[in-house]
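Spelled out from the first residue to the last, the chains are:
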Amino acid sequence: RPRVLSGIQPTSDSFHLGNYLGALKQWVELQDDFDAFYFIPDMHAITVPYEPAHLRERTRVAVAQLLAIGVDPARATIYAQSHVPEISQLTWVLSSITGFGEASRMTQFKDKSARHGEDSAGVGLFTYPILMAADILAFEVDRVPVGEDQRQHLELTRNLAQRFNSRFGTVFRVPEPHIVAEVAKIYDLQNPGAKMSKSAESDSGLINLLDDPKRSAKKIRSAVTDNEREIRFDRAAKAGVSNLLTIQSALRGVPVDELVVHYRDKGYGDLKVETATVLTDFVTPVRDRVSELMAAPDQIDAILAEGAIRARRVAAATLADVYDKVGFLAPA
Ligand code: TYM
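Everything quoted here is computed from the prediction, not taken from an experiment.

Caption draft 1: Molecular detail of helix H7 (residues 123-137). Taking 1.5 Å per residue, 15 residues should reach 21 Å; H7 reaches 21 Å between its end C-alpha atoms and fits that length. At Pro 129, H7 shows its strongest bend, of approximately 40°. Taking burial as the measure, the 15 residues of H7 include 12 buried ones, the bulk of the element. Taken together, the buried positions of H7 are occupied by Leu 125, Phe 126, Tyr 128, Pro 129, Ile 130, Leu 131, Met 132, Ala 133, Ala 134, Asp 135, Ile 136 and Leu 137.

Below, the structure written as structure tokens:
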């Protein structure tokens, strides 16, 4: 079976709606037809300021959320990045074929280092995309389901794979990004020109899956729209309305066109209230399931332990091939 792989950082107490619609929803769908590898990049999470105790907790909550939305450990291999040391080993090899200028062009590094201050940005933040390339290339991956903001990192990954293969002989499969256009970028409810992100200045436009649904419903009802009355999809002229249509459409599995017909003689208030209801119906069981799962952290740790065994088996085989190709002696 073809393989799918993706990761989500444990950098906050809850995933947000952009993470879910842009990526995680696709993870669940793809696990039926693909050999799925889904992981928590805890090593990526230490490239920005953080608390170790939070990281530990957030890694478990991240796994609990994956399970709660429907990632199935019987079908998908679920693991923590730090449990697979072969990924770090591969990162070193890849870093030696990555150009300094090439790494410097990564826009996410530029954004994040600007946010954390040029001088306090660590080298780890700079080499982050090389670690991400190793995450993927260690596993002979066909498809990587992500949101639009990861496209450039995927492009680097593909370039590194091709460069390595042509310099040392073919080892790596060149992965395809799996980016679903309609939901590739979910926007901030208060600032619908910017993507929904946990690092926005205010969280009033951010929907966290684990927040009190009443609070989220209120945020949706307060979403910024425009001064017209007409409900139609127009990303440029009607960013707020289009974002709400996208969210409701993706959560319900109803095409935007159909929603537009439904709202023909209705107002923005109807769109907001109904979108809030759809969201509440989605998050309520997810939150309940996460609290149940978090009451049994041993079970989560056991899933990660099992996943690490499976993941290491695959990554170790790739790494052995890589080490041989680059000219390292096999240990006698
Ligand atoms: P992360 O943890 O920031 O985000 C997880 C996933 O959510 C997507 N996403 C969005 N999609 C649509 N609209 C939004 N507003 C939105 N915000 C976030 C992201 O595109 C991502 O798919 N570097 C990665 C994690 C990673 C990874 C990997 C992914 C590490 N190694 C290997 C794939 C393969 C990241 O920081 O995602």
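Caption draft 2: Main features of helix H9 (residues 213-221). All buried positions along H9 are accounted for by Pro 213, Ser 216, Ala 217, Lys 219 and Ile 220. Down the axis of H9, the smallest arc covering the buried residues is 160°, so these residues share one side. In H9, the exposed positions that point more than 90 degrees away from the buried face belong to Lys 214 and Lys 218. Buried residues along H9 sit against helix H10 (239-252) and helix H12 (268-294). Two or three places before Lys 214, at the start of H9, stands the capping residue Asp 212, its side-chain oxygen 3.0 Å from that residue's backbone nitrogen.

Caption draft 3: Broad picture of the site of the ligand. Taken together, 28 residues lie around the ligand, and Gln 9, Tyr 128, Asp 135, Gly 147 and Asp 149 are the ones closest in. At 2.8 Å, a backbone N or O of Gln 9 approaches an oxygen atom of the ligand. Asp 135 places a side-chain nitrogen or oxygen 2.6 Å from a nitrogen atom of the ligand. Burial of the ligand by the protein amounts to 97% of the accessible area it has alone, namely 720 Å². Those elements that provide at least two residues to the shell around the ligand are strand S1 (3-7), helix H1 (17-30) and H7.

Caption draft 4: Fine view of the nonpolar core. Among the nonpolar cores identified, the biggest contains 59 residues, and Leu 17, Leu 21 and Leu 251 are the most heavily contacted of them. The biggest single contributor to this core is H12, with 10 residues. When sequence neighbours within four positions are dropped, the list of residues in contact with Leu 251 reads Leu 17, Tyr 20, Leu 21, Val 278, Leu 279 and Phe 282. Listed in part, the 43 residues of the second largest apolar core include Ala 121, Leu 125, Val 314 and Val 322.

Caption draft 5: Structural view of the packing of helix H4 (residues 85-95) against H7. At a closest axis distance of 8 Å, the pairing of H4 and H7 adopts a crossing angle of 120°. In terms of axis orientation, H4 runs oblique to H7. Two packed elements cross with a definite hand, and for H4 against H7 that hand is right-handed. Each of Ile 87, Leu 90, Thr 91, Leu 94 and Ser 95 in H4 lies in contact with H7, whose residues at this interface are Ile 130, Leu 131, Ala 133, Ala 134, Asp 135 and Leu 137.

The rules behind these values
- Residue indices begin from 1 for each chain and proceed along its sequence in written order.
- This being a predicted model, a pLDDT of at least 70 is required before a residue's local features are given, and a value of 80 or more before pairs of side-chain atoms are given or counted; all residues contribute to the totals for chains, interfaces and linings.
- Note that the side-chain values use all heavy atoms of the structure and ignore hydrogens as well as water.
- Counting from the N terminus, the helices are the DSSP runs of H or I reaching at least four residues and the strands are the DSSP runs of E reaching at least two.
- Here, expected helix span is obtained from the residue count minus one, scaled by 1.5 Å.
- Bend is the name given here to the angle between axes fitted to two runs of seven residues, the run ending at a residue and the run starting at it.
- Here the term buried applies to any residue with accessible area under 20% of the maximum for its type, exposed to any over 50%, and partly exposed to those in between, with areas from a 1.4 Å probe on protein chains only.
- In this description, one arc is meant: the one made by directions from the helix axis to the C-beta atoms.
- In what follows, residue pairs with any heavy atoms lying within 4.5 Å of each other are defined as contacts.
- Under the rule applied, a polar contact is a pair of N or O atoms within 3.5 Å (in protein, one hydrogen donor and one hydrogen acceptor; residues adjacent in sequence only if both atoms are side-chain atoms).
- Working definition: residue near molecule or strand if any one of its non-hydrogen atoms lies within 4 Å of it.
- For every accessible area listed, the method is Shrake-Rupley and the probe measures 1.4 Å; residues are considered covered only by the protein chains on display.
- Within this scheme, the nonpolar core is defined by two criteria: the residues are buried Ala, Val, Leu, Ile, Met, Phe, Trp, Tyr or Cys, and they are joined through side-chain atoms within 4.5 Å.
- Every angle, taken between N-to-C directions, lies between 0 and 180 degrees, and every axis is a line fitted to C-alpha atoms, over only the stretch in contact when it is a helix.
- Roughly parallel means an angle under 35 degrees; roughly antiparallel means over 145; roughly perpendicular covers 65 to 115; every other angle is labelled oblique.
- A crossing counts as left-handed when the near helix is turned anticlockwise from the far one by less than a right angle, and as right-handed when that turn is clockwise.

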